[in-house]
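Chains, contacts and geometry: an overview
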Amino acid sequence: MRYINGDELAELMKSEKVPKKDFVVVDVRDDDYVGGNIKDAINKPSNEFLVNVDGLVKQTKDVPLVIFHCALSQIRGPKAARIYEETRRTVLEDNDIPHEIVVLRDGFSGFQSKYKEDPELVENWDKEVWASPWS
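Residues numbered from 1 in each chain as written. Predicted model: local features only at pLDDT ≥ 70, side-chain atom pairs only at ≥ 80, totals over all residues. Heavy atoms only, no water.

Burial runs high along strand S5 (residues 65-69): five of the five residues are buried. On S5, burial covers both faces: Leu 65, Ile 67 and His 69 on one face and Val 66 and Phe 68 on the other are all buried. Where strand S2 (residues 24-27) meets S5, four bridges bridge the pair, whose relative direction is parallel. Within the sheet, the bridge partner assigned to Val 24 lies in S5 and is Val 66. Here S5 pairs with strand S6 (residues 100-104) via four bridges, running parallel. Its bridge partner being in S6, Ile 67 is matched across the sheet by Val 102. The parallel pair S5 and S6 is bridged by helix H3 (residues 76-92), and the resulting crossover is right-handed. (Buried < 20%, exposed > 50% of the residue type's maximum accessible area, 1.4 Å probe, protein only. Helix = DSSP H or I, 4+ residues; strand = E, 2+ residues; numbered from the N terminus. Pairing = 2+ DSSP bridges. Right-handed = clockwise from strand over helix to strand, strands pointing away.)

Taken by themselves, the reported measurements are silent on function.
This is the structure we're talking about:
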């Protein structure tokens, strides 16, 4: 499984590429979704992912780049990407387009720490949620 870093995603998002057409970001955070998200991301919580993955495959079947992440992209994001990849292969069979499925390294936590001030990249960011109790 290939990973991309936050800088690569930011560059992609600021390019001429069109979200949900040329690429799609799938955020699989659950209760930890509050406090901000990557602009134009689709939230498909990991605790419901198996039930919703067929619909996600159909919704994104024409998108050549699908990017998964969770808070840190250590467990939920990579697991959802694997499930999506297997489901896509099964559901679309020979009708699939060339595509790539990747995971955002360091997840939303890493991405927001660098790009939270950029409204082209992050939306709904809430400093109260991300404020460190140790600062």
